[in-house]
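Chain by chain, the residues:
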Amino acid sequence: MDILRIATAGSVDDGKSTLIGRLLYETNSITQDKIEALESASKRKGLDFLDLSLLTDGLIAEREQGITIDVAHIYFSTPHRKYIIADTPGHFEYTRNMVTGASNTSVSIILIDARNGVVEQTKRHFYISSMLRIKNIIVAVNKMDLVAYSQEKFEAIKAELLGIAEQVSFKGQTLQFIPISSLYGENLVRKSEETPWYDGATLLDTLEHFSTQNSELSTIQARFPVQHVVRPKTEEYHDYRGYAGKIASGTFLVGDLVEALPSGQISKIKTIEKFGTQLESGNAKESVVITLEDNIDVSRGNMLVKVGEQPESRKEIKAKICWLDSQMLTVGKTYLLQHGINRVKAKVTNISSVIDIKNMSLSNEAPADGGLKLNEIGWISLKTASPIFADKYEENPANGSFILIDESSNGTVGVGFVE
Amino acid sequence: MSTFSEKTTVYQANDSSFPRELEDEAIYILREVASQFEKPAILFSGGKDSITVVRLAQKAFYPGKIPFALLHVDTGHNFPETIEYRDWLVNKLGLELHVRYVEDSIKQGKVKEETGKYASRNALQTVTLLDAIEEFKFDACIGGARRDEEKARAKERIFSVRDDFGQWNAKKQRPELFDMLNGKIELGENVRVFPISNWTELDVWNYIKEEELRIPSIYFTHEREVFERDGMIWADSEFINKSEDEVPYKTQVRFRTVGDMTCTAAVLSTADNLDDVIGEILSAQISERGARIDDKRSEAAMEKRKQAGYF
Ligand SMILES: Nc1nc2c(ncn2[C@@H]2O[C@H](COP(=O)(O)OP(=O)(O)O)[C@@H](O)[C@H]2O)c(=O)[nH]1
Ligand SMILES: [Mg+2]
């Protein structure tokens, strides 16, 4: 059984929580006692229908304010696959949570309130989804019931978004538009009779047919960051030396010639193991132990790659960055850069431009107040204390991103995408 | 409730195989814990989730040993079957087990035994846990909590940083991007780690089945003295204050979670093997935490306990 990971995005009140609640309900993923709890909570709020958003807004502050503040993870499954949804908040102030929630997903569902059409948040979400190179975007035009299921309204929204897509989409990204009503379940799981002019698939049907991220990651160059060296030192495994890690991308085969980075030493894969079972190959996202023919110098934070497929050794990094902290990113400041599991010190040497998402344009000047603020996206240059072996994010998303850690707070303050 | 009655489709989650990707993810997390922390421990309750975590740790470091100690916070109200199981597992895998008792925290005057009909030591164990963390200087505690269990848990991170007082601050959580885990902390702080965050109850059962793991016998049907309260079936025990009209009787039940005896409700069941248990879950009308008496106290019960240092 595979897993499809999805992020939902949209402005406040566009109906994300309701949509998710409905999907859970129709796939029989909500148990009777939870439905009863929903009924009484809805009644307490004076509603005469079931407020499905109460299912996902789990924090006290969220229920009080009636908004989603933090990413919630929600699970459901069909006979075909398991789904993990990251329900991300719509407010501008929570853009960082949107980036976080979307960072592990291969599908982005962007909700639009049919009455309001495309708004600034829509553009922002579209931009972020493309920046993260999320392969499949579904634009769900919601609350169609409130615009009398008007085809004209739907087409107008579609045309406007297609214009935006032209500027930010990347090759291979799919874009689908579905007219829905989350409240009444139209075109979510059941094909709606209210939209005879729409001949596309329902939302769930569309999801059922997407390929997962893992199958694609397995076809690109292979990267194996070593997490942990297994040395049992027991009698039985006296000379055993295994390299434990999760294959970031590509496929490794027993017998492959590999190079250890940064040492540059070369050896051959002797075994690929999982709990003692010997495999012929290992694919992206699999946690394995690799043993080599020769005793070469490999430790935590090193990377095994196939000979002839080395990523660039970088000490000067240009990256797009999304800032996640209330303290500005400033030129000259030193952070801890974590690339995969490997950490090095890094100094910000330049901030070259900031993105104005409203107008989809770049200001080619350094920011006026000298730094990058919370929720802003910009281009920066960094200099690291020792080289990292990263790929360009667009070529290998699994080996092309990093986080920045502020050593004074230990907080994760930024996420970067290597250019 | 007009909009709700129109469910037309019959989509039923089925019991097809366990998604192995979840195991790979959990093993990756456990290996990060071993490398990023000085002294990690597994919080072991003897329940199916912590049994799963131990299995994952066994696989993550094989053929090496599990590099974590087990910590059990004993409320003194455990099912004896769970304790028996715990000792069997510890012995089988050659693990290091630490047990700390809520009873001792009560004797030391740090917490007060609850009284009345709903008296339970479930909330009290937080104090014992925090004391144990300090005593052993654990900097990471690995737990079997899952996001699908409860609404506040749906917002929990994989590495959940707690302050000096073990408290959870929902608004100050670190963003977790891709699979990069940031476990950097100051002295005195600690991290709760949840490697099976993304598993559902069904995933856990399917995993136990595929891995052929042994589990405590109370997960299967057995005859037991029970009584009814608030529409739930309670196991009769000396730890529960019954009123006169709560008359115990014998029937066939099993448990879906094995917490403290005072806060775990039983379900009527004839399931005596894993396939039947899984079948029951697929058709169940009640959620897993719906059988947790402690969660029924209020809608925000879990979030409030987490703020206080619960896991
Ligand atoms: N009429 C109508 N109302 C909807 C629809 N979807 C959501 N709503 C309502 O819009 C409000 C906001 O929905 P919610 O799911 O909380 O939005 P979120 O902020 O995006 O999570 C709630 O009152 C919903 O009942 C829809 O398709 N039609
Ligand atoms: Mg919401």
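This structure is a prediction, so every number in the text was calculated from the model and none was measured. (Residues numbered from 1 in each chain as written. Chains lettered and ligands numbered in written order. Predicted model: local features only at pLDDT ≥ 70, side-chain atom pairs only at ≥ 80, totals over all residues. Heavy atoms only, no water.)

A.B. asks: Explain the overall build of chain A residue by residue, including any values.
C.D. replies: A tally of helices and strands in chain A yields eight helices and 25 strands. For chain A, whose C-alpha radius of gyration is 24 Å, the value lies close to the compact-globule estimate of 22 Å for 419 residues. With the C-alpha coordinates aligned to their principal axes, the bounding extent of chain A is approximately 70 × 55 × 40 Å. Per-residue burial over chain A gives 60% buried out of 419 residues. A separation threshold of at least 6 residues defines the contact pool for chain A, and within that pool the share at least 24 residues apart is 69%. Put simply, chain A has 45 plus and 54 minus side-chain charges, and the middle of one group is 4 Å from the middle of the other. (Helix = DSSP H or I, 4+ residues; strand = E, 2+ residues; numbered from the N terminus. Rg over C-alpha atoms; globule rule 2.2 N^0.38 Å. Buried < 20%, exposed > 50% of the residue type's maximum accessible area, 1.4 Å probe, protein only. Contact = heavy atoms within 4.5 Å. Lys, Arg positive; Asp, Glu negative; His and termini not counted. Charge placed at Lys NZ, Arg CZ, Asp CG, Glu CD.)

A.B. asks: Give me the lowdown on the overall build of chain B, citing residues and values where you can.
C.D. replies: Check the secondary structure of chain B and you find eight helices and 10 strands. In chain B, which comprises 311 residues, the proportion classed as buried is 63%. When contacts within chain B are restricted to residue pairs at least 6 apart in sequence, long-range pairs at least 24 apart make up 74% of them. Counting only carbon and sulfur atoms, one obtains 49% of the accessible surface of chain B, whose full area is about 12,300 Å². (Areas by Shrake-Rupley, 256 points an atom, 1.4 Å probe, with all protein chains shown as cover.)

A.B. asks: I'd like to hear about the sheet that holds strand β4 (residues 107-113) of chain A, residue by residue, with values.
C.D. replies: Residues and elements named next belong to chain A. With respect to topology, six strands assemble into an open sheet ordered β2-β3-β1-β4-β5-β6, the strand pairing being mixed. Here the strands that pair on one side only, and so sit at the sheet edges, are β2 (72-77) and β6 (174-179). Averaged over neighbouring strand pairs, the angle between their axes works out to 25° when direction is ignored. Note that strand β1 (residues 2-9) and strand β3 (residues 81-87) share seven bridges and pair parallel. (Pairing = 2+ DSSP bridges. Axes fitted to C-alpha atoms, helices over the stretch in contact; angles between N-to-C directions.)

A.B. asks: Outline the sheet that holds strand β2 (residues 69-74) of chain B, listing residues and values.
C.D. replies: What holds strands together in a sheet is hydrogen bonding between their backbones, with the strands either parallel or antiparallel. Residues and elements named next belong to chain B. The strand order across the open sheet built from six strands is β3-β2-β1-β4-β6-β5, with neighbouring strands paired in mixed fashion. Since the sheet does not close on itself, it has two edges, and those belong to β3 (97-101) and β5 (159-162), each with one partner. Pairwise comparison of adjacent strand axes, ignoring direction, gives a mean angle of 30° for this sheet. Sheet topology note: the β2/β3 ladder contains five bridges and is parallel. Its bridge partner being in β3, Val-73 is matched across the sheet by Arg-100. Across the sheet, helix α1 (residues 20-36) lies against β1 (40-43), β4 (140-142), β5 and β6 (190-193), angled at about 40° from β5, the strand it touches most.

A.B. asks: Just give me the short version of the nonpolar core, but keep the residues and values in it.
C.D. replies: Within the largest apolar cluster, 63 residues are counted, with the highest numbers of intra-cluster contacts made by B:Val54, B:Phe68, B:Phe159, B:Trp199 and B:Trp205. Counting residues in each nonpolar core, the second largest holds 42 residues, with A:Phe154, A:Leu161, A:Phe177 and A:Ile405 among its members. (Core = buried A, V, L, I, M, F, W, Y, C linked by side-chain atoms within 4.5 Å.)

A.B. asks: How would you summarise unusual backbone geometry if you had to cite specific residues and measurements?
C.D. replies: Residue and element names in this part refer to chain A. Following Leu-261, the chain continues to Pro-262 via a peptide bond in cis, the omega torsion being 10°. Residue position: Pro-262 is located in the loop between β11 (257-261) and β12 (266-274). The residue Tyr-149 is not glycine, and still its phi comes out positive at about 55°. A relative accessible area of 12% means that Tyr-149 is categorised as buried. Look at Asn-375: it is not a glycine, yet its phi comes out positive at around 75°. Relative to the elements of secondary structure, Asn-375 occurs in the loop between β22 (371-372) and β23 (377-389).

A.B. asks: Hey, could you go over the packing of aromatic side chains for me, with residue numbers and the actual values?
C.D. replies: How two aromatic rings sit relative to each other is given by the distance of their centres and the angle of their planes. All told, the structure shown has 21 aromatic pairs over all chains when counted by the stated rule. Ring geometry for A:Phe417 against B:Phe178: centres 6.2 Å apart, planes inclined by 75°, an arrangement best described as edge-to-face. Pair noted here: A:Phe417 is in strand β25 (residues 412-418) and B:Phe178 is in the loop between β5 and β6, and the two residues belong to different chains. Across this residue pair, the class does not change: A:Phe417 and B:Phe178 are buried. Between B:Phe79 and B:Phe255, the ring centres sit 4.7 Å apart and the planes meet at 55°, which makes this aromatic pair tilted. Of this pair, B:Phe79 sits in the loop between β2 and α3 (80-93) while B:Phe255 sits in strand β9 (residues 249-255); the two residues are 176 residues apart in sequence, bridging distant segments of the chain. (Phe/Tyr/Trp six-rings, centres within 6.5 Å; stacked < 30°, edge-to-face > 60°.)

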